[in-house]
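Below, each chain spelled out in residue letters.
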Amino acid sequence: MIGQRLGSFEVLARLGEGGMGEVYRARDTKLNRDVALKVLPDTFARDPDRLSRFKREAQPLAALSHPSIGVIHGLEEVAVDSKPAISALVLELVEGETLADRIARGPLPLDEALPIARQIAEALEAAHDQGIVHRDLKPSNIKVRPDGTVKVLDFGLAKLTEGYQAVASGLADLSPTITSPAMTGLGVILGTAAYMSPEQARGKVVDKRTDVWAFGCVLYEMLTGRRAFDGEDATDTIASIVRGTPDWNALPADLPPGIRLLVQRCLEKDRRQRIGDISTALFLMREATDFRASRDVAGVTVAPAPRRWRRAVYVSAAILAAALISGLGIWTLMRSDPPQLRRLEATIDALPLAGATAGNHVAITRDASTIVYVTGSGPATLRARPINELESKTLAERAVAPFVSPDGEWIGFFSFVDQTIKRVSVSGGPPVEVAPFMGNPRGGTWGDEGSIVFATVNATPGLQRVRFEGGKPTALTTPDRQAGEGDHVWPRFLPGGHAVLFTILAPSGDTANAQIAVLDLRSPNAKPKVLLRGGSDARYVDSGHLVYLAGTSLRAIGFDLNRLETVGTAVPVLPRVDVASASAGEFDVAADGTLVYSADGTTAQPGRTLVWVDRRGKEIAITAPPKQYLYPRISWKGDRVAVDVRQDDNDIWTIDLASGVGTRVTKDPALDRVPIWTRNDTHLLFGAGRGVAVSSIYAQASDGTGEGQQLTKGDLAEYPTSLSEDGSTLLFHHGAGALQSDIMKLLLPPTLAGKPRATPTATTDLARGSSAAPSSLPSVVDVVKSPSGETNAEVSPDGRWMVYQSNETGSFEIYVLPYPDPTSAPRETVSKGGGMMPHFSRKNDELFYMTLNGNLMSVPLRPGKTWRDIAGQSSVIFDAKGYFYGDTSLRTFRMYDVSEDGRKFLMLKPVEAPGQSTITPRLIVVENWFEELKRLVPGKK
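Figured I'd write up the structure that's included with this text. (Residues numbered from 1 in each chain as written. Predicted model: local features only at pLDDT ≥ 70, side-chain atom pairs only at ≥ 80, totals over all residues. Heavy atoms only, no water.)

## Quick word on the overall build of the chain
- For the chain, the count of helices and strands is 14 helices and 63 strands.
- Counting over 941 residues, the chain shows a buried share of 55%.
- For the chain, restricting intrachain contacts to residue pairs at least 6 apart in sequence, the fraction spanning at least 24 positions comes to 51%.
- By element, 51% of the accessible surface of the chain is carried by carbon and sulfur atoms, the whole surface being about 39,200 Å². (Helix = DSSP H or I, 4+ residues; strand = E, 2+ residues; numbered from the N terminus. Buried < 20%, exposed > 50% of the residue type's maximum accessible area, 1.4 Å probe, protein only. Contact = heavy atoms within 4.5 Å. Areas by Shrake-Rupley, 256 points an atom, 1.4 Å probe, with all protein chains shown as cover.)

## Observations regarding unusual backbone geometry
- Here the residue pair Y819 and P820 is connected by a cis peptide bond, since its omega of 10° sits within 30 degrees of zero.
- By the element assignment, P820 lies in the loop between β55 (813–818) and β56 (828–829).
- Not every positive phi belongs to a glycine, and A401 is a case in point at roughly 55°.
- When you line up the elements, A401 lands in strand β19 (residues 399–404).

## Observations regarding the state of the cysteines
- Summed over all chains, the structure comprises 0 disulfides.
- Not engaged in a disulfide, the cysteine C266 finds its nearest cysteine sulfur in C217; these two sulfurs lie 9.1 Å apart. (Disulfide = S-S within 2.5 Å.)

## Points about the packing of aromatic side chains
- Under the criterion given, the structure shown has 16 aromatic pairs.
- Between F403 and F414, the aromatic rings sit 6.4 Å apart at their centres with planes inclined by 65°, giving edge-to-face as the arrangement. Within this pair, whereas F403 is found in strand β19, its partner F414 is found in strand β20 (residues 410–415), the two being separated by 11 residues in sequence.
- Counting every residue linked through ring pairs, the aromatic cluster contains F403, F414, F416, F437 and F454.
- In this structure, R608 is placed above the aromatic ring of F884, and the distance from its NZ or CZ to the ring centre is 3.9 Å. (Phe/Tyr/Trp six-rings, centres within 6.5 Å; stacked < 30°, edge-to-face > 60°. Lys NZ or Arg CZ within 6 Å of the ring centre and 35° of its normal.)

## A few points about helix α14 (residues 929–936)
- Among all positions in α14, only W929, F930 and L933 are buried. Along the axis of α14, the buried residues cluster in a sector spanning 95°; they form a single face. (Arc of directions from axis to C-beta.)

## Structural notes on the sheet that holds strand β34 (residues 565–574)
- Strand order in the open sheet formed by 4 strands is β31-β32-β33-β34, and the pairing between neighbours is antiparallel. In this open sheet, the two strands that pair with only one neighbour each are β31 (536–541) and β34. Strand-to-strand, the axes of this sheet are offset by a mean angle of 25°, without reference to chain direction.
- Looking at chain direction, β31 and strand β32 (residues 545–550) are connected through 4 bridges and run antiparallel. Each bridged residue has a counterpart across the sheet, and for S536 the counterpart in β32 is L549.
- The sheet strands contacting α14 are β31, β32, β33 (553–560) and β34, and the helix crosses β34 at an angle near 115°. (Pairing = 2+ DSSP bridges. Axes fitted to C-alpha atoms, helices over the stretch in contact; angles between N-to-C directions.)

## Considering the sheet that holds strand β49 (residues 717–723)
- Taken together, 4 strands build an open sheet; the order of strands is β49-β50-β51-β52 and the sheet is antiparallel. Each end of this open sheet is capped by a strand with a single partner; those strands are β49 and β52 (780–784). Here the strands of the sheet are splayed against their neighbours by 35° on average, with no regard to which way each runs.
- When β49 meets strand β50 (residues 729–735), the two strands line up antiparallel, connected through 6 bridges. From the neighbouring strand, S722 faces β50, where its bridge partner is L731.

## Brief notes about the nonpolar core
- Ranked by internal contacts, the top residues of the largest apolar core, which has 54 residues, are L99, I120, F215, M222, L223, L262 and M285.
- Among the elements of the structure, α3 (99–104), α4 (110–129), β8 (142–144), β9 (150–152), α7 (208–224), α8 (234–243), α9 (257–266) and α10 (278–293) are those that each provide at least two residues to this core.
- In this view, L99 contacts L108, I116, I120, P139, I142, V144, V218 and M222; residues no more than four positions away in its chain are not counted. (Core = buried A, V, L, I, M, F, W, Y, C linked by side-chain atoms within 4.5 Å.)

Here it is in structure tokens:
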């Protein structure tokens, strides 16, 4: 390698070797400078996915800019002698010895150690502010220049090598970067043994407190000349970290108590007790430096105080430092009088719930002590996190749209476990049922007097009220359809519980025409009063303002609580807030003016590509651009796929499978969902809410021409699921979500049926619930009706059987009934241990379905009289966890399709949407936001 050229770099000398590969000194012939080249292992060059991920995650590292951080100049890929390309990181070449070299000569005096430690902490602080954790901080990764300047190297690179089994050799550092024995199968790089935190050693998720631990190890080593945790080999070292305690007597006897306490609190094994932010360490080091400097004025040493007085000062300093670290922490340190605007970032353990339409997923208690949020990592999970801690706790699973009680002791939420509103203690414990709900949640609010007001759609379009102790909900508002009102959503109590704010949606769902209204609860006959147009999701804040969502920004306007009227003109106060669903914003405000919000796209649903996957799991790309595709359905000819595109226009599109070119079919502002093809491919059937509060089934020409034709008009949401083989009969979903729905069918008009059929009888031609004259809409009849949720019904190609999924046991399972007469034979169970999204092969020789944990299954079918004769043993085709098959709120309908020959499966593969970047999960916290609000918008209490 020495003497070779890698692109524009001439390799001059070998500097070392480690788990990340070999390091060389090289000359950049273009820019005439010396650099360090870190040549990555061949494993990266042979793995395009890993190299692509490495490039993507290296970008934020390269953007780090701080005097104490070694710069990443770039990533080079150079082919040499027709061999696989060599990948190398181009790094800043830092002259001078490493901190490990300096420590090898003996302990550092405090006056030398503190400036070095302070620069290390400042580098960590700069990285943590960008959401980057070092993960492998150690003396050999820290350079000290002759002028005393410190450079911390290899920021975040340990994370970039996850999945690569690192082997260290030939370095002076005798503590190698290793893989946890408990996770050898995963090959997860954890860090360097002597500096690993206990959570690293156990293979747990790490955060910036891991760097705080490593910083404590480095500071201890600088002050003592020995490691805080050591052993004969890596196993002994890890055992020492997990169970052992540093020798605190090895620290200098005259070490200031604040620094001694700093080292001890950095090395707390329980990370909840450890210093939570490196800025606290900086504060304590500055205090120690100022204290030492105060003893020397103009070069004259001040006479030492009597021993008793000095001891009292030390004890007081230690008590003060302990209070700052373990009590209020850095959050309290930043409070000031008079109040000043402070913007913080709260890194969270998972992304807020992506792509759901159930409402806001972020809330804060009135006293600003706890942030509540819902994540989408697996099932929707409700979490609570004290604002001055990094650990969150899980409160409930399959929970959405949290809202907080006035005293901050309870969290209300909508549970999809059993379709009920529940409340749970903010400190954890079993949830308590409040009331059942129908439809899809659209927000809740908890009043001072103890009642809860909530909203749902697709079942009950107005606001409802119930006591928090439980009971039967009662109607509070009813949309005025004659006046053009859509659903009433996003309720928010005003102080005292005497009135409630809410949003009136337009019938089309167009948020630009939404209205903010208020209902005075003191008068039983009061009518809602419209306050603002073109806004939604408003809430009153104690500065005397209404704050509400307008597009993707926040606006504020003064508000008179007594007259329930706005004051002045609305003004933009925050340029961007994530929108959780149509018209709901991801923000909340505490009584003291603490604002919490998400604005970096963490709640935006990622894009997805369409891919073919064969039965061995091998992918074949489709050239269509990434979008938020849902419910792909292949045309009967097999040349096109219809998709529900859940972004921008919320319309139905078709995509040519050969070219990837898309055609927009529907253009109505309403949400169009779940398309299926008519038997002759001339039309698409889908569900849409056009001018009504619930979705009905429409038909539209598949080339996008003409107007949509309405086929049903039910009292609950309706979406098509399957056509009979002759194209004459449609099975469809009728209900309030997947947990409360029935299976219905209708006979399509001859213009939509794929094949000629006999004239329907008078009985089936009657409108639903009517025994009189035929309806102007096609006839509808019940197929399966029960209190539980039945959906995803499909008819077999031979017309003998109907499969569907039901939650009557508490979890989705696949069932089969005879067709067209479901009562002619007993029902049979297809799945075992959970199943959803059934689908017959077009050859009628297989039944496919998804398990709840993401396996695509096959049930072979053979000729026979009964289902037990026909169905064989189910087996896994491939693991589909890497593909999108719906979060909790989207598993109502099938998320895949199958080619005509049954050999390929059309799947949705999650990818980063164009223009998106990898984002550290976080929420933004703004302290004393009211001061800014009052400055921008004069309000009135």
